[in-house]
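# Tertiary structure, described
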Amino acid sequence: MGSKEISDLQYCSYPSNQRSTKGSNSRPQFRQVLLALSIASVVVLMLLVPAADVFSEIDRVKSERNSKNTKLNLLKDVIGEEEYEKAMSSKKYRFTGNNKCRMCHRAFFLGRKKDAHAHNFRKVMKYPEDKNNPGCLVCHTTGYGVPGGFSSLSKTPKFREVQCEGCHGPGSLHAEMDSKGGLLIGQDRPERMKKACSFCHTKRWNKSFTNLDKAFKAYKNAESSRAQGYIE
Ligand code: HEC
Ligand code: HEC
Ligand code: HEC
Ligand code: HEC
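Residues numbered from 1 in each chain as written. Chains lettered and ligands numbered in written order. Predicted model: local features only at pLDDT ≥ 70, side-chain atom pairs only at ≥ 80, totals over all residues.

## Observations regarding the site of ligand 2
- Residues in contact with ligand 2 amount to 24 residues; listed here are only the nearest, Ala116, Asn120, Cys197, Cys200 and Ser208.
- Take the shell around ligand 2: its biggest share by element is 5 residues, from helix H12 (residues 190-200).
- Here the shell around ligand 2 is composed, by residue class, of 14 nonpolar, 8 polar and 2 charged. (Near = placed C-beta within 6 Å. Helix = DSSP H or I, 4+ residues; strand = E, 2+ residues; numbered from the N terminus. Nonpolar A, V, L, I, M, F, W, Y, C, P; charged D, E, K, R; others polar.)

This is the structure:
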């Protein structure tokens with residue numbers, strides 16, 4: 001994405017229509033203009049490259065810490081409090097973990113093994129002081145804040161990472177049904193799923209994609225987004 005902007009800029013700084021039309025006298029002038037343009041383009045590039053990185057990883061982590069994140073339950077946020085309370089009190093929706101999903105969706109499971117979601121927890125672990133910070137865990141684990149979902153590394157290590165149920169919601173009912181349906185964020189509810197994507201992929205954490213619809217579609221298939229060539 002960034003490199004495209006840069007190459008466009010480079011083209012702009014050598015406009016071919018600046019060729020001299022006034023005979024040989026204006027040649028030195030043309031060289032000066034060219035020189036000035038190249039210097040200007042270098043300056044612009046120097047400004048642009050760090051600008052893209054101003055919000056560096058550590059800046060983003062710090063601003064997240066300072067923001068005192070209060071959105072600490074993806075499922076409740078996505079399906080709404082009323083339905084969430086109903087679903088939880090019915091006791092039908094429990095998190096089963098990835099291995100359960102693998103039993104019937106082997107291809108999906110294998111595809112997802114390459115997916116960055118399934119390996120993201122180490123990003124949080126780069127900042128050990130945050131390993132128990134709810135304001136981080138909610139986006140880097142499965143089912144944080146929901147009964148039976150991730151609560152801490154010592155109690156629920158198997159729910160670290162964003163697993164199948166991190167996007168689809170608790171899957172016990174669906175697994176018992178052994179058919180379509182039974183998921184709170186299933187295929188019949190694309191709008192909910194998009195809300196789930198946006199819950200984690202906020203303005204601060206926006207490096208993964210620029211087009212939600214395109215990124216969403218990439219997740220339909222068994223292969224991981226990267227394996228399908230979904231790289232912007
Ligand atoms: C006992 C087998 C079984 C297990 C376990 C299972 N599924 Fe399924 N799943 C199915 C079947 C059967 C379908 C329907 C397939 C079809 O119609 O093509 C399905 C369809 C789906 C769909 C698309 C339809 C919908 O309702 O949204 C999703 C998403 C899904 N499963 C996710 C999961 C997840 C996540 C898990 C782990 C929590 C899981 N499945 C575990 C059997 C299972
Ligand atoms: C629970 C939080 C969460 C949800 C929900 C979520 N993501 Fe992510 N996503 C992440 C995190 C964290 C990463 C960074 C993983 C890494 O780089 O280690 C990520 C990475 C990605 C990437 C980059 C993958 C790569 O190979 O580099 C894409 C694309 C993406 N997400 C799209 C989506 C889409 C589309 C949805 C909704 C269908 C979605 N995400 C739902 C947290 C989430
Ligand atoms: C980053 C979020 C995310 C993760 C993680 C994720 N899925 Fe999905 N899944 C999606 C999206 C988005 C769709 C497309 C939904 C739609 O079409 O409305 C989907 C669709 C599906 C479907 C139906 C596909 C079809 O076209 O019939 C199945 C089955 C499924 N997922 C299973 C799984 C399993 C099993 C895992 C874990 C190994 C998993 N998903 C992990 C986002 C995710
Ligand atoms: C609202 C959801 C959300 C919260 C809260 C959140 N993250 Fe993330 N984080 C993401 C997503 C999505 C990505 C991948 C996309 C990106 O890097 O922009 C990510 C990426 C990262 C990365 C990799 C950044 C990079 O430049 O490669 C680190 C490190 C990280 N998060 C640590 C943390 C820490 C530490 C906290 C808490 C202080 C935290 N995150 C809170 C969603 C979140």
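## Description of the site of ligand 1
- With respect to spatial proximity, 20 residues lie near ligand 1, and among them Cys101, Cys104, Gly171, Gly186 and Gln187 are the closest.
- Every element with two or more residues in the shell around ligand 1 is listed here: helix H6 (98-104), helix H10 (164-168) and helix H11 (172-177).
- The dominant element in the shell around ligand 1, judged by the number of residues it contributes, is H6, at 4 residues.
- Its residues assigned to classes, the shell around ligand 1 comprises 6 nonpolar, 9 polar and 5 charged.

## Remarks on the environment of Lys131
- Here Lys131 lies in the loop between helix H8 (121-125) and helix H9 (134-140).
- Placed 21 residues apart in sequence, Lys131 and Ser152 show a C-alpha to C-alpha distance of 8.5 Å.
- When neighbours within four sequence positions are excluded, Lys131 is seen to be in contact with Val124, Met125 and Leu153. (Contact = placed C-beta atoms within 7 Å.)

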